[in-house]
Amino acid sequence: MSAGRWGGVPLAVRCVVAFAVLVFAYGTAVHVVQLLLPQFGPQLALPGWLTFYFTSLTVWDPLAALLLAARRVQGLVLGCAVLVTDAAANGYANYVLDPAAGVTPGRIGQAVITGLAVGLVALSPWLAPWFIGSRSRSGRPVQTRRRSWARARSSAQGDP
């Protein structure tokens, strides 16, 4: 994340986005390895639609990472969509299709993905104002808090 594109963005926002980019880079690597080396893929027989979805993550994960790193609001939206759908797909695979009882590595992975999805979705309103595409023309974040009724009324009447 270059200082020019990310200049003026708080360190906390940069760290959260950097972590998200690393998560999507890791996801990309995992899905590419599973695609190229099937012995590292799911050990279950998956329906065609689920196999297609997991294969498509070899495109969606790196795209989300690149858009987030480029500070595009589309990356934030795509990242949330990818994590939520990945958590749901893994939940289906691990709890509906997998006959194993108890804790399995797949269920642990699904819990981690679900936690990441909840975290990114929960942080999105805080992150969004710092992304290009959700900013005013001056480059400042769009005002996200509403003015109080009293302040709005006094401003309308010309009071300082």
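Undergrad: Even after reading the chapter, I still don't get the packing of aromatic side chains, so can you show me in this structure?
TA: If you walk through the whole model with that rule in mind, you get 3 aromatic pairs. Seen in terms of ring centroids, tryptophan 49 and tyrosine 92 are 5.5 Å apart; in terms of plane orientation they differ by 45°. Their pairing is tilted. Taken together, the positions of tryptophan 49 in helix H3 (residues 48-69) and tyrosine 92 in helix H4 (residues 73-97) put the pair 43 residues apart, joining distant regions of the chain. Here the basic side chain of arginine 71 rests over the ring of tryptophan 6, its NZ or CZ set 5.7 Å away from the ring centre.

Undergrad: How do you make sense of a nonpolar patch on the surface when you look at a structure like this?
TA: Together, Val32, Val33, Leu35, Leu36, Leu37 and Phe40 give the surface a local cluster of nonpolar side chains, amounting to about 530 Å² of exposed area. Structurally, the position occupied by leucine 36 is in helix H2 (residues 11-36). Overall, leucine 36 belongs to the exposed group, its relative accessible area being 62%.

Undergrad: Got a minute to help me understand the confidence of the model for the chain in this structure?
TA: Do not read the fine detail of predicted coordinates wherever pLDDT is low. When pLDDT is averaged along the chain, the result is 83, and 79% of the positions lie at 70 or above. Segment residues 143-150 is flagged for pLDDT under 50; beyond a separation of four residues in sequence, or across chains, it makes 3 contacts in the model.

Undergrad: Looking at this model, I keep getting lost on the packing of H2 against H3. Mind explaining?
TA: In helix packing, the relevant descriptors are the interaxial angle and the interaxial distance, both defined with respect to the helix axes. At a closest axis distance of 8 Å, the pairing of H2 and H3 adopts a crossing angle of 155°. If you check the angle between H2 and H3, you find them roughly antiparallel. Of the two elements, H2 crosses H3, and the hand of that crossing is left-handed. The residues of H3 that touch H2, namely those facing Val17, Ala20, Val21, Phe24, Ala25, Gly27, Thr28, His31, Val32 and Leu35, are Phe54, Thr55, Leu57, Thr58, Asp61, Pro62, Ala64, Ala65, Leu68 and Ala69.

Undergrad: Looking at this structure, how should I read unusual backbone geometry?
TA: Outside of glycine, negative phi angles account for most residues, and trans bonds account for most peptide bonds. Phi at arginine 71 is positive, roughly 65°, even though this residue is not glycine. The topology assignment puts arginine 71 in the loop between H3 and H4. Arginine 71 sits in the buried class, given a relative accessible area of 5%.

Undergrad: How do you make sense of the packing of H2 against helix H5 (residues 105-127) when you look at a structure like this?
TA: In the contact formed by H2 and H5, the axes pass within 12 Å of each other and the chain directions differ by 145°. In this structure, H2 meets H5 at a crossing whose hand is left-handed. Packed against H2, whose contacting residues are Ala12, Val13, Val16, Val17, Phe19, Val23 and Phe24, the element H5 presents Leu116, Leu120, Leu123, Trp126 and Leu127 at the interface. Of the residues assigned to the contact of H2 with H5, the class counts are 12 nonpolar, no polar and no charged.

Undergrad: In this structure, what is going on with the environment of alanine 20? I would like to understand it.
TA: Within the secondary structure layout, alanine 20 lies in helix H2. Alanine 20 sits in the buried class, given a relative accessible area of 8%. In sequence terms alanine 20 and leucine 76 are 56 residues apart; their C-alpha atoms lie 9.4 Å from each other.

Undergrad: Teacher, can you tell me more about the side chain of threonine 28 here?
TA: Following the sequence through the fold, threonine 28 ends up in helix H2. The class for threonine 28 is buried, based on a relative accessible area of 17%. Residues contacting threonine 28, with those up to four places away along its chain left out, are Asp61 and Pro62.

The rules behind these values
- Residues numbered from 1 in each chain as written.
- Predicted model: local features only at pLDDT ≥ 70, side-chain atom pairs only at ≥ 80, totals over all residues.
- Heavy atoms only, no water.
- Phe/Tyr/Trp six-rings, centres within 6.5 Å; stacked < 30°, edge-to-face > 60°.
- Helix = DSSP H or I, 4+ residues; strand = E, 2+ residues; numbered from the N terminus.
- Lys NZ or Arg CZ within 6 Å of the ring centre and 35° of its normal.
- Patch = residues over 30% accessible without salt bridge, like charges linked within 9 Å, V, L, I, M, F, W, Y side chains within 5 Å.
- Areas by Shrake-Rupley, 256 points an atom, 1.4 Å probe, with all protein chains shown as cover.
- Salt bridge = Lys/Arg side-chain N within 4 Å of Asp/Glu carboxyl O.
- Buried < 20%, exposed > 50% of the residue type's maximum accessible area, 1.4 Å probe, protein only.
- pLDDT = per-residue confidence, 0-100.
- Contact = heavy atoms within 4.5 Å.
- Axes fitted to C-alpha atoms, helices over the stretch in contact; angles between N-to-C directions.
- Parallel < 35°, antiparallel > 145°, perpendicular 65-115°, else oblique.
- Left-handed = near helix turned anticlockwise from the far one by under 90°.
- Nonpolar A, V, L, I, M, F, W, Y, C, P; charged D, E, K, R; others polar.

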